[in-house]
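# Structural overview
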Amino acid sequence: MRTKLNGLLTLLLAFVVHLSFAQDKTISGTVTDADGLPLPGVNIVVEGTSNGTQTDFDGNYAISASVGQTLLFTYIGQKEERRTVGAGNSINVQMEEDAQALEEVIVTAQGIKREKQALGYAVSEVGSEALEQRTEGDVGRVLTGKASGLNITQQSGLSGSGTNIIIRGFSSFSGSNQPLFIVDGVPFDSGTNSVGGIDGDDDDDFIDGNSGSSRFLDLDPNNIESVNVLKGLAAATLYGTLGRNGVILITTKNGSSTGAVKKNEITVTSSLFFNEIASLADYQNQFGNGFDQAFGWFFSNWGPSFERDGVAGWINGVDPDPEDGFDENGTLAHPYSTASSATGIPQAFPEFQGVRYPWIPYNSVPRFFKTGTVKSNSVNIRGASEDGKVSYNANFGHLDDEGFTPGNNLRRYTIGLGGRAILSNKFTVAGTLNFSNTDFRTPPVAASTGNGALNQATGSSVFGELFFTPRSVDLIGLPFQNPIDGSSVYYRQNNSIQHPLWTVANAKVQQVTNRVFGNMSLTYNFNDNLNLLYRFGLDVFSENNINQQNKGGRGQPNAELISGFYQTWNNTNTILNHDLILNGDYDLTEQVGMTFNAGITSRREILDRNGVASSGQQVFDVFRHVNFANQNEIQFFRERNIAATFIQADFDYDRWIFLTLAGRNDWVSNLDIENRSVFYPSASVSFIPTTVFDGLKSEKGINYLKLRAGLGTSANFPTGFPVATNLNINTQFFQDEGVDIVTNSVGNRLGNPDLQPELLTEFEVGLESRFFNNVVSLEASYYRRTTEDLIVDRPLDPSTGFTRQQTNVGEIKGDGLELDLGLNLFSSPDEGGFNWSVNGNFTTSNSTVEDLGADTDIIVYSGFNDIGNAAIEGEQLGVLVGTRIARNEAGEFLVDSAGDYIEEQGQFVIGDPNPDWILNVNNSISYKNFNFSFLLNYTQGGDIYSRTISTLLGRGLTTDTVDRINTFILPGVQESDGSVNTKQINNSTFYFNNVLFGPDELGVYDGTVIRLQEIALGYSLPKKFLDKTPFGSFSITATGLNLFYKALNVPEGTNFDPNQAGLGVGNGRGFDFLAGPSARRYGISVKATF
Amino acid sequence: MKRIFKKFGSSALVATLLLGACETIELDLADNPNQLSLDQSSADLLLNSIQIDFATFVELMGQNGADLVRIGYLNGRNYQNITNLSPVQLNLEWNIAYQGDNAESLDSGLEVNGILADIRALAPEAEANELFRHTAIAQFIEAYTIVTLVDFFGDVPYTEAIQATAETPILNPNVDSGASIYAAAQALLTSAIANFERDVVNEPPNDFYYNGNWGNWVKACNTLRMKIYLQSRLVDADAVGNFTAIVNEGNFIDETSEDLEFQWGTNAILPDARHPRYADNYTPSGGSDYLPNWLMNLMDEGDDPRIRYYFFRQVNAVPGEEIPPDEENLACSLEPTPQHYTDGGFTFCTLPNGYWGRDHGQNAGIPPDGFLRAVYGVYPSGGIFDDSRFEGLSVGDGGGGAGVTPILLASWVDFMRAEIAMLADPSSGEAFVLAGLSKSVAKVQSFGSLDSSADLSFAPTAGAVTNHSNNVSTAFTSADDDGKWDVLAEQFLIALYGNGIDGYNFYRRTGFPTTLQANLEPEPGAYIRSLNYPADFVNNNSSVDPKPNQTIQVFWDTNPASPTFPIAN
């Protein structure tokens, strides 16, 4: 790829040829960087002349000059050096890195490298030092807090669970808002195939599918050289429709073979971390299982006190019948002796007959979890041939991440190879090949509203039956398995709760993914100004899913679930990508330079799912399909092709103003022929006042100022087959006298031949600046984005004959501000001196629904139909809707005669899940060989409908509910006569009837949270200790993740962590269905090179 | 060598581009390969779906109706906020009537497809191939479905329904008036009768209701017409005359052998063919629905010979009756009787003899009583015959779920005729009440054999049946006019166990019985005169608004507004 810089170089060389002076002598020498490594390509000119040259690959140069003349050495990212020619003939120069990095080159769309100053749009960069040696093996999570404009939510703290990445807020509510991943120049599937989503309908994936991994998990963060985030449309135009949500451009170490050191280098990183649950509630230890201070084997914890006496003392529940209530010692009959005999429990556990069960707090939930260990090793080897024309990189990574939940584990192997060769025949060949094997397993995590797994779920929920465990229930001590038939047994007398330990031992969700991805490119250089690149990218993964559970599950009506099931299916996902790009670099006049890139590209994506779902297990604990009575099919297929042409031209005038014009036309395969094609242009300009106005720039004032503006457009195409209306066939719809009845039925989706692509327009302005001797740097971007003709998965009234249709409606307008502020508080010129820098980034974004089309005023696009994220005109996109407290005309809450709130059915706005703003502050301190850094994250606002909180409160478990003496009077008026409500209700009535099972409005909490996202203390061995060892460098780092957080506006005792995606990875936000405990990680990592 | 490479390289490049890119630039991929296309439909298979969905629809609506007239248990102390009748909960019923969502199913696993959308899809093929029987069955089902929608919801979309693929697509269908939908149902039935009587070449391979007895289908059509006339008698002066005319023709369901009902199976998984109530309640954790104390008490006190078929008792005594109260499993057994229950003479919380159910409106949390409470018996859901075994149930027990959903029974027709007769002269209803009772008892008793494990020596003797009948007769004759209506209403409701649709209609039409157990909440609000519009309807259809509350009356209900009516609120 030719760059602007090389163009300048050509220019310089041309001058050299044409204008030569008489020279006195030849000066030669070597130019090295700060580490003493040779620097190739350093420009050297004799000041005041046009005489210049460049260093060769070994950093050597030779130039003619006269004594007294000055040689100027310049190189990107290094400070200028001047040397006056003296008596000697040799001048060796060691250059220093320039913190200003004025002419920093970064990778932009389609792998085009450009100077940062020439860009008219925002690009965030994250280097390898911020990605390596982290406690998380998921690159998405590692990016948290490291770039402005990004909002990253984890599905849960489970190792290997999905990660939601949103750049610049939501711009669509049916299309994906997840960014495009480009790895080493070619597309990389980063989707999340939730394990529960086997029916192919993404709408309800989250109900069972809170266990799927996001496929960027297949990348080893230790193998990443750098990550560039293209945030706006102007930046991403060349990626077309797929770039509309921003682009995460990842350059792996394998893909970055340019600039490889000549000397072979081996880097080894080895880490050991520990993984704990961070979001355990503060359980109270005063009251136990029961209701209204009376004991019972219930779900709830509103029972008697653990103390003998007092209003709620257990002594009140003493019963002469030993089977019933307490005895005088405060013990109960063992629950396995009194369970209904139809459960089979008393018969299966004769050992508990007559055994007394102590009435004490057992602290069960914390003991359920464990401390997992995370072991990570990676080796990277890189090198190059003597002449630098052939370079290679190879790496190996291994991660073994054990979750804090028993049964949760993530194991990953990665191997990668990459290399580049500049051939002597004007061809350059480069390629990478990566293989990963990821094995993720977890107990099932179906959504729960606080009573075990949701009824709609077709799997179990390990957390849904755990967090509400009453204090007096000995979860760990109560056997979980019936010794006779293996079924789940637990304390509830009709055995209607599945024991969480049974779930761990008998149910499993597993995804084993084998993935190959890589690219091969061939560049032909016509001349120094023109080259042609052909690049082929291939990304294939084969995700083998298992969802299984032994027979004997309890607590759900679904007969299939109880009978034991075994579902195995494979998702083979393929992306084939071809790019053919012509790159040119010309100077139009002496002042005006131009580069252009014109390309054609085609992309094919295929998801092919095949499998078998069996039920009716015969022999317990044997998971082979042959051991199951019924088999049902799992099959789904999706394909889409996108073909495109694109062109981009960059102009600069005297290197202080830069203009980029680009356009792309996409053709997509799954729309009707007249709606298939869409063209979208973009333009951006960068202006550098500090270059053009000499007076503006000063050492103590403004060091650098760049203003930029960009206008970008993009389009969003639907996935799937939105044009077609289908007929369903079901070969096992019913059975009549033993004969399976086959049915036909009109499909529920109404095809839409008129469906058009969604159009996005974005205007952004920004500035980049440095002040006060580079002590302060500030980068700011403001954007406005409009999405028109939104593709909506619109729910239809079933009386239309259909329940859903993809259609175009309305308009969303969004805007946002991103600030990156850097402060070099202390910057020591000496090596080993005290350095302290602070980098903060601030993000705020808004998306307002302007118009929903003529015939609808609300579209609930995520969650359930009644409670979910909605698009409502005039509201923020994604507001939470649900039932609310009924109000009278004056807006006062209505209370019924029992003193509880009256619930008003319907879809009322009950919260806004979008955070007001996000602030990340990273502090980096180094002194001598120590470095210390910590990253603080603050998220302001963002409502969350939390069933975890509702359940913990509603069932009387946390310290928030200890005070049970006081009564509540709900503010409001009596519905019957409008009088001010004076009806007293007790604590349990308030929490149980109103918070847990009342209006949805009462389950919404503010998600403001402050978090110590990362903290690290490192020590690198001084070079002098290493001289006699094979090591080039050796460092050791202690790291912690999420060591502290506090959600400021949730009930104190719930210790709730709002960073979770209860609706799975998708467009849903602000919901928690008891599936997202968060993790805390800490440990030690060692890195050595030799 | 270099030259060769260059040439080879360039041609390889071009070849790769052309061949490799070929499949990636194919742009005609709009057809969905995952399902069939509409032109591949089969009338037989569509009709299968329509018939099975219809049974599920009647079952669910029958449960809703039953809960409102105490032959089912209603959870909720505030009539405006009944959980099971919330707009979201009613989506399922709505969707079965019109169009089901993707892979929508009951909690137990039985799937639903949607009735009217499939009936519309069936029409062109049925017409082209002269499949008159297919059409006739569909017409009957459509008539029953739309009438039931009107009875429960009031005005609903009909003429503008299922028009999303019409030339002018309708995505926000307007409602039709209930009266016009009633008229449309009558027209459908007239056409259905004609279609049943025509000659056809291809009969439907599956008739899950009458197994190809087309004469019975005609009777069912006429009976449904009678039901529709009866329901509209308050607003249609000709209704009674039209009803009587059909009776006089004599071609309606008057024998139990002609009963219209759906037979469920025993297969539990893939598919779940069991009676939905059986599937929900015969689980490893015991029962999940409570049975209504009002009905159990009425039948227990009256020595009703059907009681052992209707309810299966898992224990022989309820805490607070023959045994001490139990705070854990029946908290109300320790609570004082509410004043309005004492005043009204209602039983509170407990019943003797192990009939463990719940009072109307009771909303307490669910204790672990799944193996203690009474559950559905052998009639109609195919459960266990109560032979005083007093054991916890097991999955698969009794009839294994091979029960029926009654839709139009000969016994009910007698009660309908009783109502017509009593309009003129209350005392003239007795013969019909006793005839209906007799048919009902005989039918219910025939279900005993469904539970092969049952000790049928506990079945009532012929003498007991006669005694019971005589008692009902005495009660009827000795009562005043309103009392006679109460007897009719009580006997009708008992006979309707398994499908409360006609009970809910009867109650709103007549206001009887006045003896229903009051809501546990002294101020539950006005009685539910029609159900909330389902959430999927009002949320997704901009032509309609949610109903303001539960007091909106359907078109044929011209009785006074609640709370004046009905008396037993």
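Residues numbered from 1 in each chain as written. Chains lettered and ligands numbered in written order. Predicted model: local features only at pLDDT ≥ 70, side-chain atom pairs only at ≥ 80, totals over all residues. Heavy atoms only, no water.

When its secondary structure is counted, chain B shows 18 helices and seven strands. Against the globule reference of 25 Å for 569 residues, chain B gives a C-alpha radius of gyration of 27 Å, in line with a compact fold. When its C-alpha atoms are laid out on the principal axes, chain B stretches across 115 × 55 × 50 Å. In chain B, buried positions account for 62% of the 569 residues. Within chain B, contacts between residues separated by at least 24 positions form 75% of all contacts whose residues are at least 6 apart in sequence. Working note: accessible area of chain B is about 19,400 Å², and carbon and sulfur atoms make up 50% of it. (Helix = DSSP H or I, 4+ residues; strand = E, 2+ residues; numbered from the N terminus. Rg over C-alpha atoms; globule rule 2.2 N^0.38 Å. Buried < 20%, exposed > 50% of the residue type's maximum accessible area, 1.4 Å probe, protein only. Contact = heavy atoms within 4.5 Å. Areas by Shrake-Rupley, 256 points an atom, 1.4 Å probe, with all protein chains shown as cover.)

Moving on, we come to the sheet that holds strand β45 (residues 903–911) of chain A. All names here are of chain A. The antiparallel open sheet is built from four strands, whose spatial order is β41-β42-β43-β45. Since the sheet does not close on itself, it has two edges, and those belong to β41 (858–863) and β45, each with one partner. Adjacent strand axes in the sheet meet at a mean angle of 45 degrees, parallel and antiparallel pairs treated alike. Bridge count between strand β42 (residues 868–872) and strand β43 (residues 879–885): three bridges; the pairing is antiparallel. Of the residues in β43, the one forming a bridge with Gly868 is Val881. (Pairing = 2+ DSSP bridges. Axes fitted to C-alpha atoms, helices over the stretch in contact; angles between N-to-C directions.)

Remark on secondary structure: sheet strands pair via backbone hydrogen bonds, oriented parallel or antiparallel. Residues and elements named next belong to chain A. Reading across from one edge, β10-β15-β16-β13-β14 is the order of the five strands in this open sheet, with mixed pairing throughout. Unpaired on one side and paired on the other, β10 (123–127) and β14 (186–188) mark the two borders of the sheet. Direction aside, neighbouring strands of the sheet carry axes that sit 25 degrees apart on average.

Further remarks concern the domain arrangement of chain A. Looking at chain A, the domain boundaries give domain 1 (22–97), domain 2 (181–276 + 373–460 + 498–739 + 760–878 + 913–942 + 1007–1089) and domain 3 (290–360). Summarising the inter-unit geometry, the C-alpha centres of domain 1 of chain A and domain 3 of chain A are found 88 Å apart. (Domains from an automatic or database assignment.)

When the parts of a complex come together, some accessible area is lost, and that lost area is often taken as the interface size. Facing 99 residues of chain B, the contacting portion of chain A comprises 103 residues. Counting each side, the surface lost to burial between chain B and chain A is near 8,700 Å², with a carbon and sulfur contribution of 58%. Inspection of the region where chain B meets chain A yields one salt bridge. Across the pair Arg676 of chain A and Asp28 of chain B runs a salt bridge whose closest N-O atoms are separated by 2.7 Å. At the surface where chain B touches chain A, the tally comes to 29 residue pairs in polar contact (both at pLDDT 80 or more). Where the side of chain B that touches chain A is concerned, the elements lending two or more residues are α1 (2–22), β1 (36–37), α2 (43–68), α3 (91–97), α4 (116–128), β4 (260–263) and α18 (535–540) of chain B. Top element by residues in the side of chain B that touches chain A is α1 of chain B. It accounts for eight residues. As paired elements, strand β34 (residues 726–736) of chain A and β1 of chain B share two bridges and run antiparallel to each other. For Leu727 of chain A, the partnering residue across the bridge sits in β1 of chain B and is Leu36 of chain B. (Buried area = accessible area lost by both parts, 1.4 Å probe. Salt bridge = Lys/Arg side-chain N within 4 Å of Asp/Glu carboxyl O. Polar contact = N/O pair within 3.5 Å; in protein donor to acceptor, adjacent residues only side chain to side chain.)

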